[in-house]
Amino acid sequence: MGIGKKIMTWARIKSPWILHFNTGSCNGCDIEIVAALTPRFDVERFGVILKGTPRHADVLVCSGPVTRQIRERLIRIYAQMPAPKFVIAVGTCACSGGVFEGCYNVMGGIDTVIPVSAYIPGCPVNPQAIIDGVVKLVGSLEEGKSA
Ligand code: SF4
């Protein structure tokens, strides 16, 4: 691994920047994602910072199943993220479609549209599980598994 890539990997491990995107969630998982970012659970202590644009994000945190209406936007947002990029599916709906599976307006889980690096099941997922998923993803980067 070159020195430039080493520095980039080190920076991503020390401070992964995330973008939260609701692809069709009932908002239950979104409330828990927001809670994970509040001072009570304080995901920032791991260097995780919420960004407002995909162009600055390393990790896309998706909640909900992918609706037919949001599919193109999800593809566009993923394409706008700089590589290497990672996707976390938060909640059973994001992992597999969940209770919305089979609905006429739903494609399924996030991985039916874009590649997913980590799955965090639950309905809704609690903030501790979200933090655990992010820490495990960062750990796998450290071991060079997904970078
Ligand atoms: S997993 Fe549960 S809480 Fe989360 S979006 Fe699906 S139905 Fe809502």
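It should be noted that the structure appears before, not after, this text.
Residues numbered from 1 in each chain as written. Predicted model: local features only at pLDDT ≥ 70, side-chain atom pairs only at ≥ 80, totals over all residues. Heavy atoms only, no water.

Okay, the nonpolar core next. Proteins that are soluble and globular tend to have nonpolar side chains buried together. One finds Val59, Val61, Ile88, Val90, Val125 and Ile130 to be the most contacted residues of the largest nonpolar core, which totals 22 residues. Elements with a contribution of two residues or more to this core: helix H2 (28-37), strand E3 (59-63), strand E5 (86-90), strand E7 (118-120) and helix H5 (127-142). With six residues, H5 is the largest single contributor of residues to this core. With near-sequence residues (within four places) excluded, isoleucine 130 lies in contact with Glu32, Ile33, Ala36, Val90, Ile120 and Val125. (Core = buried A, V, L, I, M, F, W, Y, C linked by side-chain atoms within 4.5 Å. Buried < 20%, exposed > 50% of the residue type's maximum accessible area, 1.4 Å probe, protein only. Helix = DSSP H or I, 4+ residues; strand = E, 2+ residues; numbered from the N terminus. Contact = heavy atoms within 4.5 Å.)

Position of tyrosine 78 relative to the elements: it lies in helix H3 (residues 71-80). When the C-alpha positions of tyrosine 78 and isoleucine 114 are compared, they lie 7.6 Å apart, and in sequence the two are 36 residues distant. Among residues more than four places away in sequence, those in contact with tyrosine 78 are Lys85, Val87, Ile114 and Pro115.

Let us now look at the pattern of salt bridges. For the coordinates displayed, the defined rule picks out two salt bridges. Note that arginine 71 and glutamate 72 form a salt bridge whose closest N and O atoms lie 2.7 Å from each other. By relative accessible area, arginine 71 is classed as partly exposed at 29%. Salt-bridge contacts for lysine 136 lead to aspartate 132; the nearest nitrogen and oxygen are separated by 2.9 Å. In this pair, lysine 136 and aspartate 132 are both assigned in helix H5, four residues apart and thus about one turn of the helix distant. (Salt bridge = Lys/Arg side-chain N within 4 Å of Asp/Glu carboxyl O.)

Turning to the pairing of strand E1 (residues 17-22), a few remarks are in order. As judged from the two bridges shared by E1 and strand E2 (residues 49-50), these two strands associate in the parallel manner. Bridge assignment links isoleucine 18 to a residue of E2, and that residue is leucine 50. Handedness of the β-α-β unit built from E1, H2 and E2 comes out right-handed. When E1 meets E3, the two strands line up parallel, connected through five bridges. Looking across to E3, one finds that histidine 20 is bridged to valine 61. (Pairing = 2+ DSSP bridges. Right-handed = clockwise from strand over helix to strand, strands pointing away.)

Around the ligand, a shell composed of Ser25, Cys26, Gly28, Cys29, Thr92, Cys93, Val99, Gly122, Cys123 and Pro124 is seen. Going through the elements one at a time, H2 and helix H4 (92-96) are the ones with two or more residues in the shell around the ligand. Its residues assigned to classes, the shell around the ligand shows six nonpolar, four polar and no charged. (Near = heavy atom within 4 Å. Nonpolar A, V, L, I, M, F, W, Y, C, P; charged D, E, K, R; others polar.)

In the structure shown here, the tally under the stated rule is zero aromatic pairs. Just above the ring of tryptophan 17 sits the side chain of lysine 51; from NZ or CZ to the centre is 4.2 Å. Over the ring of tyrosine 78 we find lysine 85, and its NZ or CZ is 4.4 Å from the ring centre. (Phe/Tyr/Trp six-rings, centres within 6.5 Å; stacked < 30°, edge-to-face > 60°. Lys NZ or Arg CZ within 6 Å of the ring centre and 35° of its normal.)

This brings us to the pairing of E3. By the criterion of burial, E3 is predominantly enclosed, with five of the five residues buried. Burial of the side chains of E3 extends over both faces: Val59, Val61 and Ser63 are buried on one face and Leu60 and Cys62 on the other. Looking at chain direction, E3 and E5 are connected through five bridges and run parallel. Bridged to valine 61 within E5 is isoleucine 88.

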